[in-house]
Amino acid sequence: MTDAPRSVFPHRHLLGIEGLSPLDIQALLDLADEQVEVSRQVEKRKTTLRGRTQINLFFEASTRTQSSFEIAGKRLGADVMNMQVGSSSVKKGETLIDTAVTLNAMRPDIIVVRHHAAGAVHLLAQKVDCSVVNAGDGAHEHPTQALLDALTIRRNKGRIEGLTVAICGDILHSRVARSNMILLAAMGARVRLVAPSTLIPPGIARLGFETFTSMKEGLKDADIVMMLRLQRERMNGSFVPSVKEYFRFYGLDQEKLSFAKPDALVMHPGPMNRGVEISSDVADGAQSLIREQVEMGVAVRMAVLEALASHLPNR
Amino acid sequence: MSNQPILFKNARLIDPTSDREERGSVLVRDGVIQAIGPQVPVAEDTQVIDCGGQVLAPGLIDMRAFIGEPGGPYRETLKSAGEAAAAGGVTTVVSMPDTSPALDDPAVIDFIVRRARDTSMVNIRPAAALTKGLQGAEMAEIGRLKEAGAIAFTDGARPVTNAQVMRRALTYARDFDALIIHHVEDPDLVGQGVMNEGEFASRLGLPGIPREAETVMLERDIRLVRLTGGRYHAAMISCADSAEIVRAAKGKGLPVTCGVSINHLALNENDIGDYRTFLKLSPPLRHEDDRQAVIEALADGTIDVIVSDHNPQDVENKRLPFAEAADGAVGLETLLSAALRLVHSDRISLPRLLRALSTKPAEILGLPGGRLAVGAPADLIVFDPDAPYVLDKRHLKSLSKNTPFDEARLEGQVTITMVAGRVVFQRETM
């Protein structure tokens, strides 16, 4: 296996699924398939990013996404630095742009950014010379999550096209849902959104997505049931009356899962609220792909970093 | 529910769904209407009740009554409310959630449903709290409460002032096809007010409540209904401007309905007279022009239903200076008699009046009653629309006697009330 980047990925940054062509997505998934094999070997180290500096800049706490990007960068040979925003100058009032300019002066090759504000990663990308990967911006996009979900689906179902995917739960606040909706629709899946109306983004039906407020109807004949996390502050009467009520009507348990196809598969981007949006027996059951999603996360992030390698600065 | 068939004969049958009146009989068995017509064949064991030409109509459905159980059994219990309702011809009562504890928990709704079944002679259908603890901040468990038997969602006598909370509740309720009933009064505009703002309040030296306290809230709600598509019912409107607002909303096809209390149809602010606290109400009694306008709106269908707004208050809460007295009046027993004043003064036909007292509430609440038809539940009343009497509050069945009609001359009295095929009230004079 050669470690030289072969991809002709045409983008310098990965800011969202929006803007990627089906071919781009296909290429990333193919590349990710190879990374799965690499990650399963004893020798996991490649040299694609040898000598390169990758900064993980997380303005929002994240264990799984940050460590996934860190492992991916290290397996490709990059020097990875995690910037703890909590202890940085951001806390001292530095603006996002000043932070970007400061980091840029240190000549990194890749910055992986998570930020609580939609559009913040785009803003930062305009101010730096290196490649930027969006690791989640507000309720906007989380492209590597959608790619890892797509990879997981493709490896288990053999295809994405023609599948019925029900995305269920807090769609309103979910960047995972947005990226997945765009990707899955681009790849020819039928995407359904299932949630109480308070958690469905206004006007979304006009974008061509079927919406359901009943799990029974929404899950009927679904191949994939993708659950979303419901934040605690939204389940106490603001968007949803209570945890009990949410679980009763929208939590995925065996009974509701039985409305989907018998071979339907269950996904969740994590971290899960057991007993809120998903029951433990479903989360840990035979139809669950939740642990596999985590493994695919590393592979997809390796693929993304490798695809961007041909565009890195300082060549 | 008895198995013995009962035949009402020699009755003036009024089916408010069709404005049709005819002489005839109604046969009841197993809790439902089996047959209707000029001649109904009957079996041997049938009990026959001769109505003597009196009106036979569907039992009244009252969408708004405050009952003190749980938490205030000295004001009213489910049992005493049931007795009062039966004597007034009300066969279904929607109870408000302003109890202690508030009806915001499925277990409490379940308790009310069971307790009412065991102790009340009429149907009592609880409306659950729209927000937790009636605090107007966090929406209640609409789905679970509906499963437990809640028929609608409302904060009772309290308005939901936070528009965001109302918006989300309307949005969420739509998924469960749940009805939201709202008391339209902006508490900030009510302020310290205790009666209708205007000349009369100024003369009495009492702080007034402007009509805008009602219209501002109503306008807001209707815009939120347009935004969300939720099913919405304004509990009571009291003035001409409100009728105009509802008329316009209905004209746009919005899922909006509204009610009026019997007090606002029968009384005006002048009846407060010498600081009579039994006429201290929320919303307040308005000017005679407003009363005329709401009667008009009732007659043309803008106002869908008439409610008793039955609100029992004990003496301690009413024997106070006007401004310090509690709001509310009892009304279950006088609802029909007071409403018949509109028929006697030729403001509305009897079938139309009964429609607002039975058919429309049934439609709005999704209940099977409110119609005189084969297969409909045998919730029926027989009444003489012309029987004159003077109300003596001591004879009221309600545990509280705060009626605004004490010593009033009324015409029209219920003689028989039947619930689910069982006679639960029969006036002795018959």
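Residues numbered from 1 in each chain as written. Chains lettered and ligands numbered in written order. Predicted model: local features only at pLDDT ≥ 70, side-chain atom pairs only at ≥ 80, totals over all residues. Heavy atoms only, no water.

Undergrad: Help me out: how do you make sense of the overall build of chain A in this one?
TA: Scanning chain A from terminus to terminus reveals eleven helices and nine strands. A compact globule built from 315 residues should have a C-alpha radius of gyration of about 20 Å, and chain A, at 19 Å, falls within 12% of that. Counting every position in chain A, which comprises 315 residues, the buried fraction comes to 57%. Looking at chain A alone, contacts between residues at least 24 apart form 75% of all its contacts between residues at least 6 apart. For chain A, the accessible area works out to roughly 12,900 Å², and carbon and sulfur atoms hold 51% of it. Each charge class in chain A can be summarised by its mean position, and for the 38 positive and 35 negative side chains these summaries are 2 Å apart. (Helix = DSSP H or I, 4+ residues; strand = E, 2+ residues; numbered from the N terminus. Rg over C-alpha atoms; globule rule 2.2 N^0.38 Å. Buried < 20%, exposed > 50% of the residue type's maximum accessible area, 1.4 Å probe, protein only. Contact = heavy atoms within 4.5 Å. Areas by Shrake-Rupley, 256 points an atom, 1.4 Å probe, with all protein chains shown as cover. Lys, Arg positive; Asp, Glu negative; His and termini not counted. Charge placed at Lys NZ, Arg CZ, Asp CG, Glu CD.)

Undergrad: Any chance you could explain the interface of chain B and chain A here in plain terms?
TA: Listed per partner, the contact involves 17 residues of chain B and 18 residues of chain A. Between chain B and chain A, the buried area comes to about 1,400 Å², and carbon and sulfur atoms account for 52% of it. Put simply, chain B and chain A have one salt bridge between them. Between Arg-248 of chain A and Glu-147 of chain B there is a salt bridge; the shortest N-O distance is 2.2 Å. Taken together, the links from chain B to chain A amount to eleven residue pairs in polar contact (both at pLDDT 80 or more). At the level of elements, helix H3 (142-148) and helix H4 (163-175) of chain B are the ones that each hand at least two residues to the side of chain B that touches chain A. Sort the elements by how many residues they give to the side of chain B that touches chain A and H4 of chain B lands first, with six residues. (Buried area = accessible area lost by both parts, 1.4 Å probe. Salt bridge = Lys/Arg side-chain N within 4 Å of Asp/Glu carboxyl O. Polar contact = N/O pair within 3.5 Å; in protein donor to acceptor, adjacent residues only side chain to side chain.)

Undergrad: How should the sheet that holds strand E7 (residues 90-95) of chain B be read in this particular structure?
TA: Backbone-to-backbone hydrogen bonds pair the strands of a sheet. The strands run either parallel or antiparallel. All names here are of chain B. Spatial ordering of the open sheet is given by E6-E7-E8, a layout of three strands whose pairing is parallel. Two strands lie at the open edges of the sheet, namely strand E6 (60-65) and strand E8 (123-126), each paired on one side alone. Taken pair by pair, the neighbouring strands of this sheet meet at an average axis angle of 20°, ignoring direction. Note: E7 against E8, four bridges, orientation parallel. Bridge assignment links Thr-92 to a residue of E8, and that residue is Asn-123. Across the face of the sheet, helix H1 (residues 78-88) comes into contact with E6, E7 and E8 while running at roughly 140° to E7. (Pairing = 2+ DSSP bridges. Axes fitted to C-alpha atoms, helices over the stretch in contact; angles between N-to-C directions.)

Undergrad: Would you explain the packing of helix H7 (residues 212-228) of chain B against helix H8 (residues 240-251) of chain B in this entry?
TA: For any two helices packed against each other, one specifies the crossing angle of their axes together with the interaxial distance. Residue and element names in this part refer to chain B. It is at 9 Å that the axes of H7 and H8 come closest, and there the two elements cross at 10°. On the basis of their axis angle, the class for H7 and H8 is roughly parallel. Together, Glu-214, Thr-215, Leu-218, Glu-219 and Ile-222 of H7 and Asp-241, Ser-242, Ile-245, Val-246 and Ala-249 of H8 make up the contact between the two elements. Considered class by class, the residues forming the contact of H7 with H8 number five nonpolar, two polar and three charged. (Parallel < 35°, antiparallel > 145°, perpendicular 65-115°, else oblique. Nonpolar A, V, L, I, M, F, W, Y, C, P; charged D, E, K, R; others polar.)

Undergrad: I keep staring at the UniProt feature "binding site: Zn(2+) 1" (unreviewed entry) in chain B and nothing clicks. Help me out?
TA: All names here are of chain B. This chain's UniProt record puts "binding site: Zn(2+) 1" (unreviewed entry) on Asp-309. In this view, Asp-309 contacts Asp-62, Arg-64, Phe-66, Met-236, Ser-261, Ser-282 and Ala-329; residues no more than four positions away in its chain are not counted. At a separation of 3.1 Å, a polar atom in the side chain of Asp-309 contacts the side chain of Arg-64. (UniProt positions renumbered as here; feature names shortened; annotations may be inferred.)

Undergrad: Would you mind showing me how to read a nonpolar patch on the surface here?
TA: On the surface, Ile-97, Val-101 and Leu-123 of chain A cluster together to form a nonpolar patch covering roughly 210 Å² of accessible area. Structurally, the position occupied by Val-101 of chain A is in helix H3 (residues 96-105). (Patch = residues over 30% accessible without salt bridge, like charges linked within 9 Å, V, L, I, M, F, W, Y side chains within 5 Å.)

Undergrad: So what exactly am I meant to see when it comes to the UniProt feature "binding site: carbamoyl phosphate" (unreviewed entry) in chain A here?
TA: All names here are of chain A. Look at the UniProt record and you will see "binding site: carbamoyl phosphate" (unreviewed entry) annotated at Arg-64, Thr-65, Arg-114, His-142, Gln-145, Gly-270 and Pro-271. In the annotated set above, the residues contributing to the lining of the largest pocket are Arg-64, Thr-65, Arg-114, His-142, Gln-145, Gly-270 and Pro-271. Its place among the elements puts Thr-65 in helix H2 (residues 64-75). Leave out the neighbours within four places in its chain, and Thr-65 touches Phe-58, Arg-114, Ala-135, His-142 and Arg-301. For Gln-145, the position within the fold is in helix H5 (residues 143-157). Not counting chain neighbours up to four residues away, the residues in contact with Gln-145 comprise Val-176, Pro-269, Gln-293 and Arg-301. (1 Å grid on protein atoms, 1.4 Å probe; cavity = no way out; pocket = protein on both sides within 12 Å on 5 of 7 lines; lining within 4 Å.)

Undergrad: Quick question: what am I supposed to make of the confidence of the model for chain B here?
TA: Close inspection of predicted coordinates is inappropriate for parts of the model with low pLDDT. Looking at chain B, the pLDDT average stands at 96 and 99% of residues meet or exceed 70. Overall fold confidence (pTM) sits at 0.94, and the ipTM for the predicted complex is 0.90. (pLDDT = per-residue confidence, 0-100.)

Undergrad: Is there a simple way to explain the nonpolar core in this structure?
TA: By size, the foremost hydrophobic cluster in this structure holds 198 residues, and its most contacted members are Leu-147, Ile-167, Leu-184 and Leu-252 of chain A together with Ile-306, Leu-353 and Phe-383 of chain B. Per-element accounting of this core gives the leading share, eleven residues, to helix H11 (residues 290-308) of chain A. (Core = buried A, V, L, I, M, F, W, Y, C linked by side-chain atoms within 4.5 Å.)

Undergrad: Looking at this structure, how should I read the state of the cysteines?
TA: Residues and elements named next belong to chain B. All told, the structure shown has zero disulfides over all chains when counted by the stated rule. Of all cysteine sulfurs, the one in Cys-258 lies closest to Cys-239, which takes part in no disulfide; the gap is 11 Å. Under the relative-accessibility criterion, Cys-239 is labelled buried at 0%. (Disulfide = S-S within 2.5 Å.)

Undergrad: Would you mind showing me how to read the packing of H2 of chain A against H11 of chain A here?
TA: Residue and element names in this part refer to chain A. At a closest axis distance of 8 Å, the pairing of H2 and H11 adopts a crossing angle of 50°. The angle between H2 and H11 places the two elements in the oblique class. Note that H2 runs across H11; the crossing there is right-handed. For the pair H2 and H11, contact is made by Arg-64, Thr-65, Ser-68, Phe-69, Ile-71, Ala-72, Gly-73 and Arg-75 and by Val-294, Gly-297, Val-298, Arg-301, Met-302 and Leu-305, respectively. (Left-handed = near helix turned anticlockwise from the far one by under 90°.)

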